[in-house]
Amino acid sequence: MDNRDAVSAFLRSRREKITPEQAGLPVYGRRRVPGLRRGEVAALAGVSVEYYTRLERGSLRGVSDSVLDALAHALRLDDTERAYLHDLARAAGPAPAARSRQRTARQTVRASVLRIVEGMPALPAYVMNNRLDTLAANELGRALYAPMYDDPACRGNVARFAFLNSGAGRFYRDWEPMARFAVGALRVEAARDPYDRELTDLIGELSTRSDPFRVMWASHDVHVFRQSTKRLTHPVVGDLELDQETMALADESGLSVVVYSARRDTPAEDALTLLANWSATTGRDREADAAGNPPPGQH
């Protein structure tokens with residue numbers, strides 16, 4: 001896998017973010033480059049300038065874990081960035097076998113996982129893969145993300161919704177941080193699974209159709225979804241402030257269960273109750289329309 005451009009841009013972007021003061025290095029005179037010089041990173045990592053220069057030109061093939069860890073320490077990488085660097089190095093090696101079988105498994109949601117998601121009727125929940133596709137959702141999860149599910153162009157993908165749906169900026173009250181997190185998550189997955197054609201197509205589509213995505217992608221920032229607080233404006237129930245928990249399944253599927261909850265005795269808790277009632281009513285209406293019968297109470 002030729003990922004030299006991604007490697008080079010990532011290392012350079014991290015180097016440029018660190019000041020000599022942050023690295024504990026003395027500063028003499030004016031500096032013509034932002035951040036650290038290549039020689040300073042090499043010294044901090046305990047490698048030669050020539051060797052680090054080769055790495056920053058994108059050649060990570062065959063680099064040992066100890067050198068990668070030393071480089072991560074020198075560049076002050078966080079845990080997500082460190083893992084990303086190791087993924088880039090692995091991707092620079094020979095292609096792993098059985099890639100297609102792994103991808104098929106990632107797209108299958110086990111029946112037991114579906115039962116868990118559907119068994120939380122009072123909490124919006126869905127199953128998401130590393131491309132940010134929502135593969136399954138309970139009724140309240142579909143109601144919460146109704147603007148995404150109502151737009152067939154999104155195809156249930158959170159990144160498509162964030163960057164290509166005109167209403168996403170209203171739905172996410174903190175749109176920019178959320179969008180950056182989504183881009184960072186896609187970049188992590190691109191390093192972890194560079195042979196994923198659907199992911200490559202998604203990134204190409206978003207890069208072509210969205211200027212903000214293209215700019216954020218070029219920053220080479222990485223992100224892993226864990227817990228956060230989402231501030232949303234739903235078209236039916238208004239403002240919501242919900243805690244999000246993302247729990248990765250303990251297998252090789254790459255799937256996560258995402259659950260939203262409201263704090264007790266808050267307007268968001270009342271709004272979720274209202275949303276559940278609305279969802280149940282619209283669900284009965286859809287079933288009645290499909291059967292050709294009027295919904296309850298309408299004759």
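See above for the structure.
Residues numbered from 1 in each chain as written. Predicted model: local features only at pLDDT ≥ 70, side-chain atom pairs only at ≥ 80, totals over all residues. Heavy atoms only, no water.

J.: Break down the overall build of the protein for me, citing the residues and quoting the values.
T.: Counting its secondary structure elements, the protein contains 16 helices and 5 strands. Across the 299 residues that make up the protein, the buried fraction comes to 46%. Long-range pairs, those at least 24 residues apart, make up 57% of the contacts in the protein with a sequence separation of at least 6. Accessible surface computed for the protein: about 15800 Å², of which carbon and sulfur atoms make up 51%. (Helix = DSSP H or I, 4+ residues; strand = E, 2+ residues; numbered from the N terminus. Buried < 20%, exposed > 50% of the residue type's maximum accessible area, 1.4 Å probe, protein only. Contact = heavy atoms within 4.5 Å. Areas by Shrake-Rupley, 256 points an atom, 1.4 Å probe, with all protein chains shown as cover.)

J.: Lay out unusual backbone geometry with the relevant residues and their values.
T.: Only a minority of non-glycine residues have a phi that is not negative, and only a minority of peptide bonds are not trans. Even without being a glycine, R76 presents a positive backbone phi close to 55°. Turning to its location among the elements, R76 is positioned in the loop between α5 (65–74) and α6 (79–91). Judged by its relative accessible area of 52%, R76 is exposed. The backbone phi angle of D265 is positive, close to 60°, even though this residue is not glycine. The topology assignment puts D265 in the loop between β5 (256–261) and α16 (267–291). When its relative accessible area of 74% is taken as the criterion, D265 is described as exposed.

J.: Describe in detail the pattern of salt bridges, supporting the description with residues and values.
T.: In the structure shown here, the tally under the stated rule is 21 salt bridges. R90 is the partner of D87 in a salt bridge, and the nearest nitrogen-oxygen pair spans 2.5 Å. Note that D87 and R90 are positioned in helix α6 at a spacing of 3 residues, about one turn of the helix. Between E198 and R131 there is a salt bridge, and its shortest N-O distance comes to 3.2 Å. Placement of E198 in helix α14 (residues 197–209) and of R131 in the loop between β1 (125–128) and β2 (134–137) is noted, with a sequence separation of 67 residues between them. E198 sits in the partly exposed class, given a relative accessible area of 45%. One connected set of salt bridges, linked through shared partners, spans R14, K17, E81 and D221. (Salt bridge = Lys/Arg side-chain N within 4 Å of Asp/Glu carboxyl O.)

J.: Now, about the environment of A280: what can you tell me, with residues and values included?
T.: Along the chain, the position of A280 falls in helix α16. Sequence separation between A280 and L140 is 140 residues; the distance between their C-alpha atoms is 8.8 Å.

J.: Mind laying out the pairing of strand β4 (residues 238–248), listing which residues take part and the relevant values?
T.: Note: strand β3 (residues 227–234) against β4, 8 bridges, orientation antiparallel. The residue bridging S228 from the neighbouring strand is Q244, located in β4. (Pairing = 2+ DSSP bridges.)

J.: Quick rundown of the packing of helix α3 (residues 38–45) against α5? Include the residues and the values.
T.: Look at α3 against α5: their axes get within 8 Å of each other, and the N-to-C directions meet at 120°. Considering their axes alone, α3 and α5 lie oblique with respect to each other. As for the relative orientation of α3 and α5, their crossing is right-handed in sense. Counting all contacts with α3, which are made through V41, L44 and A45, the residues of α5 involved are A70, L71 and A74. Of the residues belonging to the contact of α3 with α5, the class tally is 6 nonpolar, no polar and no charged. (Axes fitted to C-alpha atoms, helices over the stretch in contact; angles between N-to-C directions. Parallel < 35°, antiparallel > 145°, perpendicular 65-115°, else oblique. Left-handed = near helix turned anticlockwise from the far one by under 90°. Nonpolar A, V, L, I, M, F, W, Y, C, P; charged D, E, K, R; others polar.)

J.: Tell me what's going on with helix α4 (residues 49–56), and back it up with residues and numbers.
T.: Taken residue by residue, α4 has Y52, T53, L55 and E56 as its buried positions. One side of α4 carries all its buried residues, which in axial view fall inside an arc of 160°. Residues of α4 that are buried in the fold lie against α1 (4–17), α3 and α5. (Arc of directions from axis to C-beta.)

J.: Outline the sheet that holds β3, listing residues and values.
T.: Here we have 5 strands laid out as an open sheet, ordered β2-β1-β5-β4-β3, and antiparallel in their pairing. The strands lining the two open edges of the sheet, one partner per strand, are β2 and β3. Ignoring which end each strand starts from, the neighbouring axes of this sheet average 30° apart. Pairing analysis gives 6 bridges linking β4 to β5, with the strands arranged antiparallel. Note that in β5 the partner of A248 across the bridge is S256. Lying on the sheet, helix α8 (residues 111–118) is in contact with β1, β2 and β5; it crosses β1 at an angle near 150°.

J.: I'd like to hear about the nonpolar core, residue by residue, with values.
T.: Ranked by size, the top nonpolar core spans 43 residues in total, and within it L132, Y172, L186 and L242 carry the most contacts. Here the element with the most residues in this core is helix α13 (residues 175–192); it accounts for 6 residues. Sequence-distant contacts of L132, defined by excluding residues within four places in its chain, comprise G156, N157, V158, A159, A182, A185, L186 and F225. Ranked by size, the runner-up nonpolar core spans 27 residues in total, among them L55, V63, V188 and A191. (Core = buried A, V, L, I, M, F, W, Y, C linked by side-chain atoms within 4.5 Å.)

J.: Now, about α13: what can you tell me, with residues and values included?
T.: If you check α13, its first and last C-alpha atoms are 26 Å apart, about what 18 residues at 1.5 Å a residue would give, namely 26 Å. Listed in full, the buried residues belonging to α13 are M178, A179, A182, V183, G184, A185, L186, R187, V188, E189 and A191. (Expected span 1.5 Å × (residues − 1).)

On their own, these measurements won't tell you what the molecule is for.
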